[in-house]
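Topology and contacts: notes
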Amino acid sequence: MTSRVWTADIDDYLAQAGHTDYDVRRDSPYTVRVIHDGPQPRTHLEEYATCLHALGYRTTIEEATDIRPLRLKITQA
């Protein structure tokens, strides 16, 4: 069974790793998405993914659509 992912935990992990200019959003009790609010979003999202993957999270970069920006989907592995 999938475990809950907490936005506060993701925010803390990214901040402790020195990352800035991101927004964390809860999409369900089991899914959090991160959007980078600055230049080179793909590069930053890849860095976030590496950081969170090392902590045991499953990460997927989701491509931008007409209404949604490039984003990182985070679930518990």
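Look above for the structure.
This report concerns the structure included in the present document.

Cut-offs used in this document
- Residues numbered from 1 in each chain as written.
- Predicted model: local features only at pLDDT ≥ 70, side-chain atom pairs only at ≥ 80, totals over all residues.
- Heavy atoms only, no water.
- Helix = DSSP H or I, 4+ residues; strand = E, 2+ residues; numbered from the N terminus.
- Rg over C-alpha atoms; globule rule 2.2 N^0.38 Å.
- Buried < 20%, exposed > 50% of the residue type's maximum accessible area, 1.4 Å probe, protein only.
- Contact = heavy atoms within 4.5 Å.
- Areas by Shrake-Rupley, 256 points an atom, 1.4 Å probe, with all protein chains shown as cover.
- Lys, Arg positive; Asp, Glu negative; His and termini not counted.
- Charge placed at Lys NZ, Arg CZ, Asp CG, Glu CD.
- Pairing = 2+ DSSP bridges.
- Axes fitted to C-alpha atoms, helices over the stretch in contact; angles between N-to-C directions.

1. Some thoughts on the overall build of the chain
A tally of helices and strands in the chain yields 2 helices and 4 strands. Going from the N terminus to the C terminus, the chain shows its helices and strands as α-β-β-α-β-β. In terms of C-alpha radius of gyration, the chain reaches 11 Å, essentially the compact-globule figure of 11 Å for 77 residues. Once the C-alpha set of the chain is aligned to its principal axes, its extents read approximately 35 × 30 × 15 Å. Scored against the burial criterion, the 77 residues of the chain give a buried share of 30%. Pairs at least 24 residues apart make up 43% of the contacts formed inside the chain by residues separated by at least 6 positions. With an accessible surface of roughly 4800 Å², the chain has 48% of that area assigned to carbon and sulfur atoms. Taking the average place of the 9 positive charges on the side chains of the chain and the average place of its 12 negative ones, the gap between the two points comes to 10 Å.

2. Quick notes on the pairing of strand 1 (residues 22–28)
Alignment of strand 1 against strand 2 (residues 31–36), held across 6 bridges, turns out to be antiparallel. When the bridges of strand 2 are listed, Arg-25 appears paired with Arg-33. The loop that links strand 1 with its antiparallel partner strand 2 comprises 2 residues.

3. Points about the environment of Leu-14
With respect to the helices and strands, Leu-14 occurs in helix 1 (residues 7–16). Linking Leu-14 and Glu-47, residues 33 residues apart in sequence, is a C-alpha distance of 9.7 Å. In this structure Leu-14 touches His-19, Tyr-22, Val-34, Tyr-48 and Leu-52, once residues within four positions along its chain are discounted.

4. A few points about the sheet that holds strand 1
Pairing within the open sheet is antiparallel, and its 4 strands lie in the order 1-2-4-3. The open sheet is flanked by strand 1 and strand 3 (57–62), the only strands paired with a single partner. Going across the sheet, the axis of each strand differs from the next one's by a mean of 25°, ignoring polarity. The sheet contacts of helix 1 involve strand 1, strand 2, strand 3 and strand 4 (71–76), and relative to strand 1 the element is tilted by about 155°. Along the sheet, helix 2 (residues 41–54) contacts strand 1, strand 2, strand 3 and strand 4; its crossing angle with strand 3, the most-contacted strand, is approximately 165°.

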